[in-house]
Amino acid sequence: MTSIPTTGTIQDAAAVAAIRAGRRQRSRRWLLVTGLLAVSACLLCCAMLMLGNTIYPARDVLQTLLGERLPGVSFAVNTIRLPRMLAGLLAGLAFGLGGNTFQTMLRNPLASPNVIGVTAGSSAAAVFCIVILHTSGTVVSMVSVFAGLATVLVLYALSRGKAFSIGRLILVGIGIQAMLNAAVSYMLLVGKEQDIPTAFRWLSGSLNGAQLDDLPALAVTVAVAGPIVLLLGKHLGMLELGEQAASSLGVSTDKIRILLIVSAVCMIAMATAATGPIAFVAFLSGPIAKRLVGIGFSSALPAGLVGVNLVLAADLIGQFAFQTRFPVGIITGILGAPYLLYLLIRMNRKGHV
């Protein structure tokens, strides 16, 4: 005799089928959004190479990249446009991945490196090297990384108290950021006149003057730290559930958190040293990516691609949308400041800040 399935068994099977269908739908959405962001980033990279005072056709740009010497095109593409595009690509990826890591791990969209002072720590160290020590290149990059890590340690120590508090960390970070910005202003006042324009241009967040020789350190950092963040994306999602929930799921929270923090800070500090603190890219990338891909899958890679799109698109807007050319950081600042105010008001109403 064949057994007749019970009502409970039928309901369980229907629930499992619904869960699987929902997961497939979320997976397709993640793949679609990530693919579209990647295609958009590629198109923006092409636009960065083709557009300028003179617009070059894609064929000439491709021939130049393959090593052919074309009068005018070779200099413009290889010396000016290619370094600018690569700097925007790498910095956008670093800021997007790093910002999303902090926001997800600390479970707060305000916990961005731009807001809690990590970027300000790297910026202050870089300005000190430029204005006071008159150094550049590798020295600035290394000092920025160590300053970023030191800022994170100070933040953690001051926000711990009797028990760690995310809200306290954000408030302490805002205070540290204000203090470091004051230190930057002081260094600009006492610095030599010939160093001030360089420091100001760097502080605004700019791709102007990017050179291929300045990018290897950033490229290596993104190539090493980026995959670490992506591979730990599942664990990062578990940390978002809280300390106890992540531990019960078998996550070694301390080790994973240290790996994620070091990787994120290294990418952000190197990007800051290469392009300056491009405003709000790390702050905007994670929330935009999560809104696009939805829940259920890691938003790390989409956040990195959103960062790339933001930086490249903002740079193109700053170059060609106005009569005066603006650095990329000014355009991203115009986009990010209203969202920051909105988020502060919303979280204040909910009692989270």
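Residues numbered from 1 in each chain as written. Predicted model: local features only at pLDDT ≥ 70, side-chain atom pairs only at ≥ 80, totals over all residues. Heavy atoms only, no water.

As named in an unreviewed UniProt entry, the protein is Iron chelate uptake ABC transporter family permease subunit, taken from Paenibacillus sabuli. Entered under Sequence similarities (unreviewed entry) in the UniProt record, the comment concerning the protein runs "Belongs to the binding-protein-dependent transport system permease family. FecCD subfamily." Comment text from UniProt for the protein, heading Subcellular location (unreviewed entry), reads "Cell membrane". (UniProt positions renumbered as here; feature names shortened; annotations may be inferred.)

S.K.: What's the story with the overall build of the protein in this structure? I'm lost.
M.R.: Across its full length, the protein holds 14 helices and zero strands. Taking 2.2 N^0.38 as the reference for a compact globule, 353 residues should give roughly 20 Å; the C-alpha atoms of the protein span a radius of gyration of 23 Å, in line with that estimate. For the protein, the share of sequence-separated contacts (at least 6 apart) that also reach a separation of at least 24 residues comes to 76%. Of the accessible surface of the protein, which amounts to about 18000 Å², a share of 66% is contributed by carbon and sulfur atoms. Here the protein carries 25 positive and 11 negative side-chain charges, and the mean point of each set is 13 Å from the other. (Helix = DSSP H or I, 4+ residues; strand = E, 2+ residues; numbered from the N terminus. Rg over C-alpha atoms; globule rule 2.2 N^0.38 Å. Contact = heavy atoms within 4.5 Å. Areas by Shrake-Rupley, 256 points an atom, 1.4 Å probe, with all protein chains shown as cover. Lys, Arg positive; Asp, Glu negative; His and termini not counted. Charge placed at Lys NZ, Arg CZ, Asp CG, Glu CD.)

S.K.: Please clarify how the packing of aromatic side chains should be interpreted in this entry.
M.R.: Pairs of aromatic rings are described using the distance from one ring centre to the other and the angle between the two planes. For the structure on display, the rule yields two aromatic pairs. Look at F322 and F326: their rings are 5.5 Å apart centre to centre, the planes differ by 85°, and that puts the pair in the edge-to-face class. (Phe/Tyr/Trp six-rings, centres within 6.5 Å; stacked < 30°, edge-to-face > 60°.)

S.K.: Is there a simple way to think about helix α7 (residues 196-203) in this case?
M.R.: All of the buried residues in α7 are I196, A199 and W202. For α7, the angular spread of buried residues about the axis comes to 130°, placing them on one side. Downstream of α7 by a residue or two, G205 has a phi angle that is positive, lying close to 80°. (Buried < 20%, exposed > 50% of the residue type's maximum accessible area, 1.4 Å probe, protein only. Arc of directions from axis to C-beta.)

S.K.: What am I meant to see in the environment of V306 here?
M.R.: One can find V306 in helix α13 (residues 300-320). Assessed through its relative accessible area of 4%, V306 is described here as buried. Discounting residues that sit within four places of it in the chain, V306 has contacts with L37, S285, I288 and A289.

S.K.: For this particular structure, what's the right way to read a nonpolar patch on the surface?
M.R.: A grouping of F128, I132, L133, Y186, L189 and V190 is seen on the molecular surface, where their side chains present a nonpolar patch of about 610 Å² in accessible area. Elements that contribute at least two residues to the nonpolar patch include exactly α4 (118-132) and α6 (166-190). Here the nonpolar patch gets three residues from one element, more than from any other, and that element is α6. Here I132 lies in helix α4. Classification of I132 by relative accessible area gives partly exposed; the value is 33%. (Patch = residues over 30% accessible without salt bridge, like charges linked within 9 Å, V, L, I, M, F, W, Y side chains within 5 Å. Salt bridge = Lys/Arg side-chain N within 4 Å of Asp/Glu carboxyl O.)

S.K.: Help me understand unusual backbone geometry in this model?
M.R.: One can expect most non-glycine residues to show negative phi and most peptide bonds to be in trans. Unusually for a residue other than glycine, F280 sits at a positive phi of about 70°. Residue class for F280 comes out buried when judged on its relative accessible area of 16%.

S.K.: Where do I start with the packing of helix α5 (residues 138-160) against helix α11 (residues 253-275) in this structure?
M.R.: Two packed helices can be described by the angle between their axes and the distance between those axes. Between α5 and α11, whose axes approach to 8 Å, the crossing angle comes to 135°. If you check the angle between α5 and α11, you find them oblique. As for the relative orientation of α5 and α11, their crossing is right-handed in sense. Counting all contacts with α5, which are made through V140, S141, M142, S144, V145, G148, L149 and V152, the residues of α11 involved are I261, V262, V265, C266, A269, M270 and A273. Residues of the contact of α5 with α11, tallied by class, amount to twelve nonpolar, three polar and no charged. (Axes fitted to C-alpha atoms, helices over the stretch in contact; angles between N-to-C directions. Parallel < 35°, antiparallel > 145°, perpendicular 65-115°, else oblique. Left-handed = near helix turned anticlockwise from the far one by under 90°. Nonpolar A, V, L, I, M, F, W, Y, C, P; charged D, E, K, R; others polar.)

S.K.: Got a minute to help me understand the pattern of salt bridges in this structure?
M.R.: Any two side chains of opposite charge can pair, so long as their charged atoms come close to each other. Within the structure shown, the criterion is met by one salt bridge. Across the salt bridge formed by D315 and R84, the nearest N and O atoms sit 2.8 Å from each other. Taken together, the positions of D315 in helix α13 and R84 in helix α3 (residues 73-105) put the pair 231 residues apart, joining distant regions of the chain. Each member of the pair, D315 together with R84, is buried.

S.K.: Would you explain the nonpolar core in this entry?
M.R.: Taken as a class, soluble globular proteins show a tendency for nonpolar side chains to be buried jointly. Counting residues in hydrophobic clusters, the biggest one holds 90 residues, and the most contacted among them are F95, F102 and F283. Beyond its immediate chain neighbours, meaning those up to four positions away, F283 contacts Q103, P109, L110, S112, N114, V115, G336, Y339, L340 and L343. Membership of the second largest hydrophobic core comes to nine residues, among which are M105, M238, L239 and L260. (Core = buried A, V, L, I, M, F, W, Y, C linked by side-chain atoms within 4.5 Å.)

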